[in-house]
Amino acid sequence: MDRRDFLKSSAMAGAMISFSGTKAWAKSSDARIEIFTQEPVGEISPNIYGQFTEHIGGVIYGGIWVGENSKIPNRYGIRAELTDKLKQIHVPVIRWPGGCFADSYDWMDGIGPVASRPTRTNFWEVDPDAKRLHEKGPQIFESNQFGTNEFMRFCKLSGAKPYLAANVRSLPALSFDRWVEYCNSPAGSTTLAARRAAAGFPAPFDVKYWGVGNESWGCGGNFTPEEYASAFRRYTTWVPHYGVDLQFIGSGPNGGNLDWTHRFFDEIYSKPAYNNASFTGWSVHFYSSVTTRNKATDWKPEKGDALQFDSVDWYELLRESSRIEQIIQDQWTVMGQYDVTHRVKLVVDEYGPWYREGTELDPTHIFGQQITIRDALVTALTLDTFNRNAEKVSMATNAQLINCLNALFLAHEDHFVATPNFYVFAMYAAHQGAQGLRAEFSAPDVEFMRDGQPGHLWGLNGSASRKGNVVTLTVVNPDVANPTDTQIALQGASIAKASCTVLAAGDIHAHNTFDRPNAVKPVSLGVSIHGGLLTASIPPGSVSKFEIITG
Ligand code: AHR
């Protein structure tokens, strides 16, 4: 049975049930999307469109920080092209300084006159991936040229709020208090406020978001959940506020681990109950790779390649990445057993595909990888998942911003290029702060052969939101070969006008390079409106954004 026959026999029958009461659907379409404008699913926190930056490889040194005397256009040593681009996507929040690096970092090393800042061994020096570095640069020996002041400047130039990750593994709780003091105590108050002023920052930074450790089950201290809960209580009790509405984010599970969450929450909520209004976030880290086909036991060297992959790998990665929805649901359910009012929301502060080494642009780029249109689809489906779960996910930061993992930008010396991921964030910015709406997607699964066994993946998926009379619909079409003729209907409103922007490429491996920076970029897609329905042919392997003006 071919794809269209399948549709006629199953999806159309399903449509009769799930879409009864809708304007008349045309029989010729492959897929249908119905947006329920009267069924909000929660306000989409702008903060789920955040970015993560760590002192690893080429993220800070060579990526963000080029130095004030560089010939590369910069503002205060920060790459100007980067902050210009970040403003375009309205980056709301940036996480720093790690990652695993955070639990080895003494923030005191990164303040004061640059010339007198100490050089330390970078956490990632021990990573096997760092062995290929030819030179012992700042990737191995941390120069501390980029510290708290520089990060705050970077955030300001980008229009973002700072989200700091505090060291729980190797610094005492008092040091955490003092970092809050350095950042937030009013001008003219404390000795640390005076040090901040001496560096040119008299006004407090007013940092609201504080991660309390990172991956505390692993690089962040190898804690048991009970040990970490005990540390979390100490680090977050009676931290000075200076009038800032501090938000503490606990170090959550590795992927979907529920035991970590159960045991941490049990300890925090029951023995004895800890009631700290600032504990509002529980982090989740979820990286996807194509090791799931029973071919590999060691995920690190054996995970797939960023550029060498076939269509089965493509589908497998998208399927694997889609697991984020179940992880969110399961974590939420467990958290609600203890935190019954759901004061604590999910903060997915590391996510994205992770491939084996080999496609990084420079040996200094530890965990650097090329970003193809496939990664754009993964990023889009992840952001759509956050949008659909707007009441559960309060913040998310993509790992990482530049020259590492799921990057939006690749840079080396004076070369700089936006990856397809940048365009996803640009297209999806319209969802920030909008009212999430329930939407139903009805499309046949994509079917493929997976090592001799049939495999399948959802046919279309996405999310919808509304701001005033503008409804934004974003859609991922994972099918590598076929466009999907799609009808879109609004329930509870009529369509006055619509347009569509699409990110697609003829080749599943397409990516942008310094030489071909525009190989993947969004273009307009023709749409039409008939009988109250919007119709479009959604290209294969694409991310689309529809802007629908209601009548
Ligand atoms: O993003 C790279 C690393 O992945 C981070 O430092 C760590 O938190 C995670 O394991």
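Only a predicted model underlies this, so the values are computations on that prediction, with no experimental measurement involved.

What counts and how
Residues numbered from 1 in each chain as written. Predicted model: local features only at pLDDT ≥ 70, side-chain atom pairs only at ≥ 80, totals over all residues. Heavy atoms only, no water. Near = heavy atom within 4 Å. Polar contact = N/O pair within 3.5 Å; in protein donor to acceptor, adjacent residues only side chain to side chain. Nonpolar A, V, L, I, M, F, W, Y, C, P; charged D, E, K, R; others polar. Phe/Tyr/Trp six-rings, centres within 6.5 Å; stacked < 30°, edge-to-face > 60°. Buried < 20%, exposed > 50% of the residue type's maximum accessible area, 1.4 Å probe, protein only. Disulfide = S-S within 2.5 Å. Core = buried A, V, L, I, M, F, W, Y, C linked by side-chain atoms within 4.5 Å. Helix = DSSP H or I, 4+ residues; strand = E, 2+ residues; numbered from the N terminus. Axes fitted to C-alpha atoms, helices over the stretch in contact; angles between N-to-C directions. Parallel < 35°, antiparallel > 145°, perpendicular 65-115°, else oblique. Left-handed = near helix turned anticlockwise from the far one by under 90°. Contact = heavy atoms within 4.5 Å. Pairing = 2+ DSSP bridges. Arc of directions from axis to C-beta. pLDDT = per-residue confidence, 0-100.

Peer 1: How do you make sense of the site of the ligand when you look at a structure like this?
Peer 2: For the ligand, the set of nearby residues contains 13 residues, the closest of which are Glu54, Cys100, Glu215, Tyr287 and Glu350. Contacts to the ligand include Glu215, whose side-chain N or O atom sits 2.8 Å from an oxygen atom. Taken together, the residues of the shell around the ligand sort by class into six nonpolar, four polar and three charged.

Peer 1: Just checking my understanding: could you explain the packing of aromatic side chains for this structure?
Peer 2: Counted according to the given criterion, the structure contains 40 aromatic pairs. Aromatic side chains Phe101 and Tyr105 sit 5.2 Å apart centroid to centroid with 35° between the ring planes, which places their arrangement in the tilted category. Side by side, Phe101 and Tyr105 carry an identical accessibility label, which is buried. Summarising the aromatic geometry, the rings of Phe176 and Trp210 are spaced 5.6 Å apart at their centres and angled 70° between planes, so their arrangement reads as edge-to-face.

Peer 1: Would you explain the state of the cysteines in this entry?
Peer 2: Overall, the coordinates contain one disulfide when judged by the stated rule. Not part of a disulfide, Cys155 finds its nearest cysteine sulfur in Cys183, a span of 10 Å. With relative accessibility at 2%, the residue Cys155 sits in the buried group.

Peer 1: Explain the nonpolar core here, please?
Peer 2: For soluble globular proteins, nonpolar side chains are generally found buried alongside one another. Counting 129 residues, the largest nonpolar core has Ile64, Phe154, Trp210, Phe279, Trp282, Phe386 and Phe409 as the members making the most contacts within it. No other element matches the eight residues that helix 11 (residues 373-388) contributes to this core. By size, the runner-up hydrophobic cluster in this structure holds 22 residues, among which are Ala464, Val471, Ile495 and Val502.

Peer 1: Explain the packing of helix 11 against helix 12 (residues 420-428) to me, please; I cannot follow it from the model alone.
Peer 2: In a pair of packed helices, the angle between the axes and the distance between the axes together describe the arrangement. Contact geometry of helix 11 with helix 12 gives a least axis separation of 8 Å together with a crossing angle of 30°. The angle between helix 11 and helix 12 falls in the class roughly parallel. The handedness of the crossing between helix 11 and helix 12 is right-handed. When helix 11 is examined against helix 12, the residues Ile373, Asp375, Ala376, Thr379, Ala380, Leu383, Asp384 and Asn387 are found in contact with a partner set consisting of Pro420, Asn421, Val424, Phe425 and Tyr428. For the contact of helix 11 with helix 12, a count of residues per class yields eight nonpolar, three polar and two charged.

Peer 1: Where do I start with the sheet that holds strand 1 (residues 31-43) in this structure?
Peer 2: One key point about sheets: their strands pair by backbone hydrogen bonds, in either a parallel or an antiparallel sense. Taken together, the ten strands give an open sheet; going across it, the order is 23-22-26-20-19-16-1-21-25-24, and neighbouring strands pair in mixed fashion. Only two strands of the sheet have a single partner each, and these edge strands are strand 23 (523-525) and strand 24 (528-530). Each strand axis lies, on average, 30° off the axis of its neighbour in the sheet, ignoring direction. Bridge analysis of strand 16 (residues 435-442) against strand 19 (residues 461-467) gives three bridges, and the strand direction is antiparallel. Residue Leu437 lies in a different strand from strand 19, and its bridge partner there is Ala464.

Peer 1: I'm lost on helix 5 (residues 191-198) in this one. Help?
Peer 2: Turn by turn, an α-helix covers 3.6 residues, leaving residues three or four places apart pointing in a common direction. Three or more residues of helix 5 are buried, namely Leu192, Ala193 and Arg196. Viewed along the axis of helix 5, the buried residues span an arc of 105°, placing them on a single side of the element. In this structure, helix 5 carries Thr191 and Ala198 as exposed residues pointing more than 90 degrees from its buried face. Packed against the buried residues of helix 5 are helix 4 (173-184). Two residues or fewer after helix 5 comes Gly200, characterised by a positive phi angle close to 105°.

Peer 1: Help me out: how do you make sense of the packing of helix 9 (residues 311-321) against helix 11 in this one?
Peer 2: With their axes 10 Å apart at the nearest point, helix 9 and helix 11 run at an angle of 20° to one another. Looking at the two axes, helix 9 sits roughly parallel to helix 11. Judged by the twist between their axes, the crossing of helix 9 over helix 11 is right-handed. Note on element contacts: helix 11 touches helix 9 through Ile373, Arg374, Asp375, Leu377, Val378 and Leu381, opposite Asp313, Trp314, Leu317, Leu318 and Ser321. Residues of the contact of helix 9 with helix 11, tallied by class, amount to seven nonpolar, one polar and three charged.

Peer 1: How do you make sense of the confidence of the model for the chain when you look at a structure like this?
Peer 2: Should pLDDT be low for a region, the predicted coordinates there are not to be read in detail. In this model, the chain carries a mean pLDDT of 93, and residues with pLDDT of at least 70 account for 93%. Across residues 1-21 the pLDDT falls below 50, and counting only partners more than four positions away or on other chains, this stretch makes 32 contacts in the model.

Peer 1: I'm lost on the pairing of strand 18 (residues 453-457) in this one. Help?
Peer 2: Along any regular strand, the residues point their side chains to alternate faces of the sheet. In the sheet, strand 17 (residues 446-450) pairs with strand 18 via five bridges, with the strands oriented antiparallel. By the bridge assignment for strand 18, Met449 is matched with Pro454. In sequence, strand 17 turns back onto strand 18 through a hairpin of two residues, with Asp451 there showing a positive phi of about 50°.

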